[in-house]
Amino acid sequence: MSDPQPLSQTDSVPYRVEPDARAAELAERFHDLPEQSETGVTVTVAGRLMLRREMGRVAFASLHDSSGSIQLFAGRAWTDGFAEFTRLSLGDWITATGEVVTTKTGELSVRVASWQLLARARRGFGDKWHGISDVDTRYRQRYADLWANDGSRRVLLLRSKLVSWIRRWLEDQDFVEVETPIFHPTPGGATARPFTTHHNALDVDLYLRIAPELYLKRLVVGGFERVFEVARVFRNEGLSPRHNPEFTMLELYQAYADYTDMMSITENLVAGAAMQILGTTEISYGGRPLSLSVPWRRATLTDLIAEHAGLTLDLDMADEEMRSAARSVGVTPEPGWGPGKVLLEIYEKTTEARLWGPVFVTDYPKEVSPLARDHRSRAGYVERFEGIVAGRELCNAFSELNDPGEQRLRFEAQAAAKAAGDDEAMSIDEDYLRALDFGLPPTGGLGIGVDRLVMLLADADAIRDVIAFPTLRPETF
RNA sequence: GCGCCUCUAGCUCAAUGGCAGAGCAACGGACUCUUAAUCCGCAGGUUCUGGGUUCGAAUCCCAGGGGGCGCACCA
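Definitions and limits used
Residues numbered from 1 in each chain as written. Chains lettered and ligands numbered in written order. Predicted model: local features only at pLDDT ≥ 70, side-chain atom pairs only at ≥ 80, totals over all residues. Heavy atoms only, no water. 1 Å grid on protein atoms, 1.4 Å probe; cavity = no way out; pocket = protein on both sides within 12 Å on 5 of 7 lines; lining within 4 Å. Points joined across faces, edges and corners; volume = space filled by probe spheres on them. Helix = DSSP H or I, 4+ residues; strand = E, 2+ residues; numbered from the N terminus. Nonpolar A, V, L, I, M, F, W, Y, C, P; charged D, E, K, R; others polar. Near = heavy atom within 4 Å. Polar contact = N/O pair within 3.5 Å; in protein donor to acceptor, adjacent residues only side chain to side chain. Pairing = 2+ DSSP bridges. Domains from an automatic or database assignment. Salt bridge = Lys/Arg side-chain N within 4 Å of Asp/Glu carboxyl O. Buried < 20%, exposed > 50% of the residue type's maximum accessible area, 1.4 Å probe, protein only. Arc of directions from axis to C-beta. Contact = heavy atoms within 4.5 Å. Core = buried A, V, L, I, M, F, W, Y, C linked by side-chain atoms within 4.5 Å. Axes fitted to C-alpha atoms, helices over the stretch in contact; angles between N-to-C directions. pLDDT = per-residue confidence, 0-100. Expected span 1.5 Å × (residues − 1).

## Topic: empty space enclosed by the protein
All chains considered together, the criterion is met by three cavities of 30 Å³ or more. Put simply, the largest cavity is a space of about 80 Å³. Along the walls of the largest cavity sit Tyr285, Val389, Ala390, Arg392, Glu393, Leu394, Arg452, Met455 and Leu456, which together make up its complete lining. Elements supplying a minimum of two residues to the lining of the largest cavity: strand 17 (392–399) and helix 13 (450–458). Roughly 50 Å³ of volume is contained in the second largest cavity. Pro187, Gly188, Ala190, Ala192, Pro194, Ile210, Lys418, Asp423, Glu424, Ala425, Met426 and Ser427 together form the lining of the second largest cavity. Residue composition of the lining of the second largest cavity, grouped by class: seven nonpolar, two polar and three charged.

## Digging into the protein's contact with RNA strand B
Taken together, 47 residues lie near RNA strand B, and Glu54, Thr105, His243, Arg452 and Arg464 sit nearest. Counting only atoms of RNA strand B within 4 Å of the protein, the fraction found in sugar and phosphate groups is 59%. Within the backbone of Gly56, one N or O atom sits 3.2 Å away from a base nitrogen of RNA strand B. A distance of 2.8 Å separates a phosphate oxygen of RNA strand B from a polar atom in the side chain of Glu424. Elements represented by at least two residues in the surface near RNA strand B include exactly strand 1 (38–54), strand 2 (58–65), strand 3 (68–75) and helix 3 (135–140).

## With respect to the sheet that holds strand 9 (residues 204–208)
Spatially, three strands are ordered 7-9-8 in an open sheet, and the strand pairing comes out antiparallel. Each edge of the open sheet carries a strand with a single partner, namely strand 7 (183–184) and strand 8 (196–199). With four bridges connecting them, strand 8 and strand 9 associate as antiparallel partners. Among the inter-strand pairings, His199 is bridged to a residue of strand 9, identified as Val204.

## Details of the domain arrangement of chain A
As far as domains go, chain A holds domain 1 (9–124) and domain 2 (150–296 + 357–465). Each of domain 1 and domain 2 has a C-alpha centre, and these two points are 48 Å apart.

## Notes on the pattern of salt bridges
As enumerated under the stated definition, the model contains 35 salt bridges in all. Put simply, Arg22 and Glu25 hold a salt bridge, and the shortest N to O gap is 3.9 Å. When its relative accessible area of 38% is taken as the criterion, Arg22 is described as partly exposed. Looking at Glu25, the relative accessible area reads 45%, which means it is partly exposed. The partner of Asp145 in a salt bridge is Arg142, and the shortest N-O contact between them spans 3.0 Å. Placement of both Asp145 and Arg142 in helix 4 (residues 142–148) is noted, with a separation of three residues, approximately one turn of the helix. Each of the two residues, Asp145 as well as Arg142, counts as buried. Because the salt bridges share partners, they merge into one network encompassing Arg138, Arg142, Asp145 and Asp465.

## Topic: helix 8 (residues 301–309)
Every α-helix carries 3.6 residues per turn, so stepping three or four residues along brings you back to the same face. Buried within helix 8 we find Leu301, Thr302, Leu304 and Ile305. One side of helix 8 carries all its buried residues, which in axial view fall inside an arc of 160°. Its buried side turned inward, helix 8 meets strand 14 (297–300), helix 10 (339–350), strand 15 (359–365) and strand 16 (381–389). Looking one or two places after helix 8, you find Gly310, whose phi comes out positive at around 70°.

## Thoughts on the nonpolar core
If you look at the biggest cluster of nonpolar residues, it comprises 46 residues, and the most contacted ones within it are Leu269, Leu292, Phe385, Leu446, Leu453 and Leu456. Among the secondary structure elements, those contributing two or more residues to this core are helix 5 (150–172), strand 11 (246–255), helix 7 (259–278), strand 12 (282–285), strand 16, strand 17, strand 18 (443–449) and helix 13.

## Concerning the sheet that holds strand 17
Overall, mixed pairing links the eight strands, which are arranged 6-10-11-18-17-16-15-14 in an open sheet. With one partner strand each, in any of the chains shown, strand 6 (176–177) and strand 14 form the two edges of the open sheet. Judged from the six bridges that link them, strand 15 and strand 16 form a sheet pairing that is antiparallel. Directly across from Val359, in strand 16, lies its bridge partner Ile388. Where helix 7 meets the sheet, its contacts fall on strand 11, strand 14, strand 15, strand 16, strand 17 and strand 18, and the angle it forms with strand 18 comes to roughly 35°.

## A short note on the confidence of the model for chain A
In this model, chain A carries a mean pLDDT of 91, and residues with pLDDT of at least 70 account for 97%. Predicted confidence is poor over residues 1–10, with pLDDT under 50, and the contacts of this stretch with residues over four places away or in other chains come to 19 contacts. The ipTM value of the predicted complex is 0.87, and its pTM value is 0.91.

## As for helix 11 (residues 404–419)
Taking 1.5 Å of rise per residue, the 16 residues of helix 11 would be expected to cover 22 Å, and the 22 Å separating its terminal C-alpha atoms lies within 8% of that figure. Taken together, the buried positions of helix 11 are Glu406, Gln407, Arg410, Phe411 and Gln414. Taken end-on, helix 11 shows its buried residues confined to a sector of 140°, consistent with a single buried face. The exposed residues of helix 11 that point more than 90 degrees off its buried face are Leu409 and Ala419. Where the residues of helix 11 are buried, they touch helix 6 (213–221), strand 16 and helix 12 (430–437). Once helix 11 ends, the next one or two residues include Gly421, with phi positive near 115°.

Next up, the structure:
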């Protein structure tokens, strides 16, 4: 491939331009003009040249800006620098000024009187019909994917609108957005393997947060009765279509509330977001219909296991009976597992993926929920739920454990598991225990996977589609 | 980490053991109303890499690399 001829205008690229019209606005304003109209309206547009059709002494081009696309209509008779206009490359950024007209076929166009090159596209790009479909190229060269593939851009736009709406919605309910540390001296708030880093001046190892939870609850102790954070969190685990090592959690905490309040917030937030962004709560995911309308079903974990696996289980049954039930469904209990862990494994193996939902799975074993408060009426369980949608966990919430003595016991159990080799178990966070000593009121807490919510609303089957720059193995050049 | 699949021109893809091709993009040209414009012409390759089998390998085998999917882990 030989290089395109240099354009003389590359030497005079402006530092700023002032377009006064956008493609979508023009389409809106002039949508019903008859063929060969002249509006007398002169506009300046700017964007990227995406298609070009040359006809000798006239030429058509599609100019894309962030709002959409508008046709440029250039001709030797009326366009300054017409010869150079026809030598523009697809992908070049230009600005053009001219009258808004329609062509013989009725296509709304800017009849270019003058134009300027803003930036050249020096690299080849995707097939104009197929775009770029190689998944590796799409994620590695997102800058190319985003303008070659309309759908990629739409998903990221949807994400932006979603997060923006969530902020407004929570602020309207007196939730305060806060920012808490990403460097944690003690990783906590979730069971996951953290990334480690090192601070040179302090000469201490720090961990990238796996959850903001413990800091947000410290703020509740400090008097912030309703807080939330849109928190990037980091977990040192494998990559998959549904897992990226860094992802975004919405966590919120509300004083004086319990987990039933969190269910209400969750279903209203998700249904509201769907209404706001898609205009309906009746969506389709992966070709299957899904109703997000309120209220969502609520069912206990043990009832759902009975429903889907035909096993009637409870934590008061004999240990060996529970383990034998696990083996009957293909779960091999490990020696360190207590009955709560075995029960959870049975649920995950037999039930979770079958829950199309949405459904609130309630009442988890205390053993696997070190930060949740004891259930007010079921021994061995805590007041916790996960919201399952399309077979996946969308959120996790509980009535927060606010008793410092009980919290210490839970931490100690976690530390013992860690000492026994569970490198995802929590450590004892003495400062958090000290904070609880000052008094955490009854509090409901909720964490929603923002990426997964975007996937749901965008009907995306891979988390990489909803993250602008997903984690990939570094490229070697 | 394990298993399966995959990698060919800038992009999208053919060629299944017998001369590596097409469309688009690029480059040169024609065309005064196109819509993935059309037409003519020209050029474009470490077939991911390295070995092996074979008269002959994009194709079969081995090893390595990138990616995808599944499992495991998790949200």
